[in-house]
Amino acid sequence: MIHKKVYCNLCGKEMIVDQVVSKQDYLFIQKDWGYFSKKDGEDHTIRICESCYDQWIQTFKVPVTRKKQTELL
């Protein structure tokens, strides 16, 4: 089994991921910046661990929309 190391961009915590499933869940954001931004042509990738995500969303002026899933795959 091949393991890939990824790190939380906020706290630096290592999160081990194998080819099938992540051993820890985290937020993954990938943004291709386009016209009308100061980052035109840049591709940004961010990974945030669950702990940092929980702290981060507490700073939002507009709360995160939450929806409970009834079936998990």
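These numbers come from a predicted model, not from an experiment.

Trainee: I keep staring at the environment of Thr59 and nothing clicks. Help me out?
Mentor: Mapped onto the elements, Thr59 comes out in the segment after helix H1 (50-57). Judged by its relative accessible area of 57%, Thr59 is exposed. In this structure the side chain of Thr59 is engaged in a polar contact, spanning 2.6 Å, whose partner is the backbone oxygen of Trp56.

Trainee: Sorry, what's going on with the confidence of the model for the chain here?
Mentor: Atomic detail in the predicted coordinates should be set aside for any region of low pLDDT. A residue-level look at the chain finds 86% of positions with pLDDT of 70 or above and a mean pLDDT of 87. By mean pLDDT, the top-scoring element of the chain is H1 (96), and the lowest-scoring one is strand S1 (residues 3-7) (80).

Trainee: Help me understand the environment of Val17 in this model?
Mentor: One can find Val17 in strand S2 (residues 14-18). C-alpha separation for the pair Val17 and Val6, spaced 11 residues apart in sequence, amounts to 7.3 Å.

Trainee: How do you make sense of a nonpolar patch on the surface when you look at a structure like this?
Mentor: A grouping of Leu10, Trp56 and Phe60 is seen on the molecular surface, where their side chains present a nonpolar patch of about 280 Å² in accessible area. Structurally, Phe60 is set in the segment after H1. Residue Phe60 is classed as partly exposed on the basis of its relative accessible area, which comes to 31%.

Trainee: Can you walk me through the packing of aromatic side chains in this structure?
Mentor: The description of an aromatic ring pair rests on the distance of the ring centres and on the angle between the ring planes. By the definition in use, this model includes 2 aromatic pairs. Measuring from ring centre to ring centre gives 6.5 Å for Tyr35 and Phe36, while their planes differ by 65°; the resulting arrangement is edge-to-face. Side by side, Tyr35 and Phe36 carry an identical accessibility label, which is exposed. With 5.1 Å between their ring centres and 85° between their planes, Trp56 and Phe60 make a pair best called edge-to-face.

What counts, and where the lines are drawn
Residues numbered from 1 in each chain as written. Predicted model: local features only at pLDDT ≥ 70, side-chain atom pairs only at ≥ 80, totals over all residues. Heavy atoms only, no water. Helix = DSSP H or I, 4+ residues; strand = E, 2+ residues; numbered from the N terminus. Buried < 20%, exposed > 50% of the residue type's maximum accessible area, 1.4 Å probe, protein only. Polar contact = N/O pair within 3.5 Å; in protein donor to acceptor, adjacent residues only side chain to side chain. pLDDT = per-residue confidence, 0-100. Patch = residues over 30% accessible without salt bridge, like charges linked within 9 Å, V, L, I, M, F, W, Y side chains within 5 Å. Areas by Shrake-Rupley, 256 points an atom, 1.4 Å probe, with all protein chains shown as cover. Salt bridge = Lys/Arg side-chain N within 4 Å of Asp/Glu carboxyl O. Phe/Tyr/Trp six-rings, centres within 6.5 Å; stacked < 30°, edge-to-face > 60°.

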